[in-house]
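In case you want the letters, here they are:
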Amino acid sequence: MMTDMDFSTQAKLGLAKIFWASCRREAYASLYHPFLVSLAAGTLPKHAFQRYMAQDAYFLEAFKNAYQMAMESTEDEDAKATIDSLKRDVEEELTLHSSVMQSLDADQTDFEPNTATAAYCDFLRAAATGGNRTLNLASTSAKIIAAMTPCMRLYAFLGQEIKKNINEVPDHPYQQWINTYSAADFEAAASKVEHLLDKLTESVNKEDEKALLYNLYRRAMNLEVDFFSAQMLGPVHVPFFKSQAAPENRLLLVSDFDSTCTISDSCPVLADLTVQIAGKIPGGRSAGETGASLLRNKWDDLVMRYMDEYEEVLNRRLSNKEHGNGKAFTTEELQELLKEMSDFELKANARVEEAAVLKGLSPVAIQDAGKSMPLREGCSDFFKRLGLQEAHVDTHILSVCWSKTFIEAVLEQGEIHVANINANELVFNGNASTGKISFNVQTALDKQRHFIQILDHLKGRQSTDPEHQQVHSVYIGDSLTDLLCLLRADVGIILGDSSTLKQVYGEKMTSLFRKALLLEQGNMQLSGYVFTVSSWYEVEAFLFGPAGSRVL
């Protein structure tokens, strides 16, 4: 049973939103599942869709019966009315399934539920009839609804995400399915069942009961992924690394560090660390406070000057070419911009060294600071999953962070093991940093140079039949400093929501899910595009597929 789930925001958000937010990994595993990608792309074979619809219709009958059991297990008349409305929605959905199957000339006479369908139906029945005797009658209905809510929210999510990304698909064979689950009516039904779950769990205060409800919700999400995995499939083009994992190919993943692996930049952390240490210098409290104050002022001046000059360079380039609306820079314009940005970054780093604001740090202090630096959601899970793949993926961190020691400490606390880290390092005299930096990667141009060297090195290691061997590369970053590498990779993935990137390259930024659809359709266009994601779990789903599967 899950015991470390944080329910502290229940009063503000409700359990339904907390549960859904905790299942983003399963949600993206479903969205990027080869079955859903091929359905969304319109390439799913007709017989596979027919089989899926028959399995889904069988499941919906069990779903409808579960609503009936939930209605019988509550004495709340408002809840009964809501559940009855939801049950009628399922009946309408079953009617739709029947009409779709008829339009496809599907034969439904010879049907048996597969193992995944049967397991999901058994789970719903067990949620209604078995389980924990410590839950009262009202909580029995809560258990049932907790087990049913994920299906509704997930299908609304899938329908809406697919709808946003298929504008270019004419005469889509499964448009009716997409329209159903992307419709406002289905979103309203999903919201309705979520509100019902929140209402039924208002009086649930015990942590073990909340954990039980959460486990039911999460189990249902995993059963949804299993349900998609059980459908018939032909050759697929996602997950990306799996589709490229031929013996003659090499797989490469390179990731930025600051604000890509982490939720924030390392520079303020190192700055705060130096100020803290300055506050502890010998000479008493007053001397320490004075030293810390002076150092903080130095840092503030450096940051202010950096931001002013950064904005000046960027705004001048944008105004010169009137690119403020997100129209992408040409290759030549981009190189000019990043050359000027690189010159500016070099001068800014020189000022940091000259001010000696990084002086006096010990390796242990840096490591301790790194171990408390939070990672982005899903980052640790992603890199752990990377290490489990049967096909070898050459993995590198490429960062302008001032301290490789800091990076290693952050990765260690996340149980992430990356042997190849290209970054900078503080210079030490004994056990204290001198304020100087041993520079290796300072700018976008440096990152581009290192990335090309990594690619060339991998290509050079392919000694037999080099004409038929390829390196399939993925670069993951978050900022303008990463853009040249993002464009050089086969797939460049942007984590986060960089306003600067949107200003410079917004016209050629689109969702990673659209890239998955184009791969499935055999369309290799979108040259010069980079692809946006909201979570490492989305990257994981695109590259590796659902958790538990491997790149073979």
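Per-chain numbering applies: the sequence of each chain, read as written, is numbered from 1 onward. This being a predicted model, a pLDDT of at least 70 is required before a residue's local features are given, and a value of 80 or more before pairs of side-chain atoms are given or counted; all residues contribute to the totals for chains, interfaces and linings. For the side-chain quantities, the full set of heavy atoms in the structure was used; hydrogens and water were omitted.

- Labelled according to an unreviewed UniProt entry, the protein chain appears under the name Thiaminase-2/PQQC domain-containing protein, originating from Ceratodon purpureus.

### Re the side chain of Gln 231
Then comes step 1: Tracing the backbone through its elements, the reader meets Gln 231 in the loop between α11 (207-229) and α12 (240-244).
Then comes step 2: The contact definition used throughout considers only heavy atoms, calling two residues in contact when any of these lie within 4.5 Å. With near-sequence residues (within four places) excluded, Gln 231 lies in contact with Phe 35, Arg 51, Tyr 52, Gln 55 and Asn 114. A helix here means a DSSP run of H or I that spans at least four residues, while a strand means a run of E at least two residues long, and both kinds are numbered starting from the N terminus.

### A closer look at the confidence of the model for the protein chain
Then comes step 1: The predictor's confidence in any single residue is recorded as pLDDT, a number from 0 to 100. On average, the protein chain scores 88 in pLDDT, and the residues at 70 or more come to 88%.
Then comes step 2: Contacts from residues 132-138, a stretch scored under 50 in pLDDT, to residues over four places away or in other chains number nine contacts.
Then comes step 3: Taken together, the stretch residues 284-288 has pLDDT below 50 and engages in five contacts with residues farther than four places along the chain or on a different chain.

### Quick look at the nonpolar core
Then comes step 1: Judged by nonpolar contacts, the single largest core of 145 residues is most densely connected at Phe 63, Tyr 67, Trp 177, Leu 358, Phe 383, Phe 542 and Leu 543.
Then comes step 2: In this structure, Phe 63 is in contact with Val 90, Leu 124, Met 148, Cys 151 and Met 152, ignoring residues within four places of it in sequence. We call a set of buried Ala, Val, Leu, Ile, Met, Phe, Trp, Tyr and Cys residues a nonpolar core when their side-chain atoms join them within 4.5 Å. Each residue is placed in one exposure class: buried if its accessible area under a 1.4 Å probe, protein chains only, is under 20% of its type's maximum, exposed if it is over 50%, and partly exposed if it falls in between.

### Some remarks on the layout of surface pockets
Then comes step 1: Definitions used for this entry: grid spacing 1 Å over protein atoms alone; cavity, a set of points where a 1.4 Å probe fits but cannot get out; pocket, an open set with protein on both sides within 12 Å along at least 5 of 7 lines; lining residue, one with an atom within 4 Å of a point. Grid points are joined across faces, edges and corners, and a volume is the space filled by probe spheres set on the points. Of the pockets and cavities examined, the largest pocket occupies roughly 1,100 Å³.
Then comes step 2: For the largest pocket, the lining is made up of 42 residues, of which Asp 265, Cys 267, Tyr 306, Met 307 and Glu 345 are closest to its centre.
Then comes step 3: In terms of residue count, helix α14 (residues 284-321) provides more of the lining of the largest pocket than any other element does, nine residues in total.
Then comes step 4: Tallied by class, the residues present in the lining of the largest pocket amount to 19 nonpolar, ten polar and 13 charged. Residues are grouped as follows: nonpolar covers Ala, Val, Leu, Ile, Met, Phe, Trp, Tyr, Cys and Pro; charged covers Asp, Glu, Lys and Arg; every other residue, Gly included, is treated as polar.

### A few points about unusual backbone geometry
Then comes step 1: Of the consecutive residues Val 238 and Pro 239, the connecting peptide bond is found in the cis state with omega at 0°.
Then comes step 2: Positionally, Pro 239 belongs in the loop between α11 and α12.
Then comes step 3: One non-glycine residue, Ala 356, adopts positive backbone phi at about 55°.
Then comes step 4: Residue position: Ala 356 is located in the loop between α15 (331-355) and α16 (363-371).
Then comes step 5: Ala 356 sits in the partly exposed class, given a relative accessible area of 30%.
Then comes step 6: Of note in the backbone geometry, Glu 415 takes a positive phi value of approximately 55° without being a glycine.
Then comes step 7: The residue Glu 415 is located in the loop between α18 (404-413) and β3 (420-422) in this model.

### So, the pattern of salt bridges
Then comes step 1: Definition used for salt bridges: Asp or Glu carboxyl oxygen within 4 Å of a side-chain nitrogen of Lys or Arg. Under the counting rule described, the total for this entry stands at 28 salt bridges.
Then comes step 2: A salt bridge links Glu 340 to Arg 317, with the shortest nitrogen-to-oxygen separation between them at 2.8 Å. Highlighted residues: Glu 340 in helix α15 and Arg 317 in helix α14, separated in sequence by 23 residues.
Then comes step 3: Salt bridges sharing partners connect three or more residues here, namely Glu 312, Arg 316, Arg 317, Glu 336 and Glu 340.

### Quick word on empty space enclosed by the protein
Think of a ball as big as a water molecule: rolled over the atoms, this probe shows where empty space is left.
Then comes step 1: On inspection of all chains with the given rule, the structure shows two cavities of 30 Å³ or more.
Then comes step 2: Each pocket or cavity is described by its volume, and for the largest cavity that value is around 60 Å³.
Then comes step 3: Together, Asp 56, Phe 59, Leu 60, Phe 63, Glu 93, Cys 151, Met 152, Tyr 155, Tyr 181 and Phe 186 line the largest cavity.
Then comes step 4: Contributing elements (two or more residues each) for the lining of the largest cavity: α5 (46-72) and α8 (137-164).
Then comes step 5: It is α5 that provides the largest number of residues to the lining of the largest cavity, a total of four residues.
Then comes step 6: Grouping the constituent residues of the lining of the largest cavity by class yields eight nonpolar, no polar and two charged.
Then comes step 7: The calculated volume of the second largest cavity comes to roughly 30 Å³.
Then comes step 8: Lining the second largest cavity, in full, are Arg 25, Ala 29, Arg 385, Tyr 537, Glu 540, Ala 541, Gly 545, Pro 546 and Ala 547.
Then comes step 9: The set of elements that each furnish at least two residues to the lining of the second largest cavity consists of α3 (24-31) and α23 (536-544).
Then comes step 10: Ranked by the residues each element gives to the lining of the second largest cavity, the list is headed by α23, at three residues.
Then comes step 11: Looking at the lining of the second largest cavity residue by residue, the class counts come to five nonpolar, one polar and three charged.

### What to know about the packing of α3 against α11
Then comes step 1: Structural elements are reduced to axes, namely lines fitted to C-alpha atoms, with helices fitted over the stretch in contact, and the angle between N-to-C directions of any two is expressed from 0 to 180 degrees. Close contact between α3 and α11 brings their axes to 10 Å; oriented N to C, the two are set at 15°. Looking at the two axes, α3 sits roughly parallel to α11. Crossing of α3 over α11 shows left-handed handedness. Counted together, Glu 26, Ala 27, Ala 29 and Ser 30 of α3 and Arg 218, Met 221, Asn 222, Val 225 and Phe 228 of α11 form the full contact between these two elements.
Then comes step 2: Residue composition of the contact of α3 with α11, by class: five nonpolar, two polar and two charged. Angle categories are assigned with fixed cut-offs, so that under 35 degrees is roughly parallel, over 145 is roughly antiparallel, 65 to 115 is roughly perpendicular, and the rest are oblique. Left-handed describes a crossing whose near helix is turned anticlockwise from the far helix by less than a right angle; the clockwise case is right-handed.

### Remarks on the pairing of strand β5 (residues 432-438)
Then comes step 1: Here the rule is simple: two strands pair whenever DSSP picks up at least two bridges between them. Sheet topology note: the strand β4 (residues 425-429)/β5 ladder contains four bridges and is antiparallel. Residue pairing in the sheet places Phe 428 in a bridge with Ser 433 of β5.

### As for helix α13 (residues 266-278)
Then comes step 1: Compared with the 18 Å implied by 1.5 Å per residue over 13 residues, the 19 Å span of α13 between its first and last C-alpha is a close match.
Then comes step 2: Listed in full, the buried residues belonging to α13 are Ser 266, Leu 270, Ala 271, Leu 273, Thr 274, Val 275 and Ala 278.
Then comes step 3: Polar contacts, as counted here, are pairs of nitrogen or oxygen atoms within 3.5 Å of one another; within protein the pair requires one atom able to donate a hydrogen and one able to accept it, and residues that are adjacent in sequence qualify only if both atoms are side-chain atoms. For α13, the N-terminal cap is Asp 265; the gap from its side-chain oxygen to the backbone nitrogen of Cys 267 is 2.8 Å. What a helix should span is 1.5 Å times the count of its residues minus one.

### Digging into the sheet that holds strand β6 (residues 470-477)
Then comes step 1: Across the sheet, which stays open at both edges, the seven strands sit in the order β3-β2-β1-β6-β7-β9-β8 with parallel pairing between neighbours. At either margin of the open sheet sits one strand with a lone partner, and together these are β3 and β8 (509-511). Within this sheet the neighbouring strands show an average axis-to-axis angle of 25°, counted without direction.
Then comes step 2: Packing against the sheet, α18 makes contact with β2 (393-398) and β3, and its axis sits at approximately 140° to β3.

### Examining the pairing of β2
Then comes step 1: Of all six residues that make up β2, six are buried, and the element is covered over most of its length.
Then comes step 2: Inspection of the sheet shows strand β1 (residues 249-255) paired to β2 by five bridges, in the parallel sense. Considered in β2, the bridge of Leu 251 is made with Val 393.
Then comes step 3: Look down the strands so they point away from you; if going from the first strand over the helix to the second traces a clockwise path, that crossover is right-handed. Between β2 and its parallel partner β3, the chain crosses via α18, and the hand of that crossover is right-handed.

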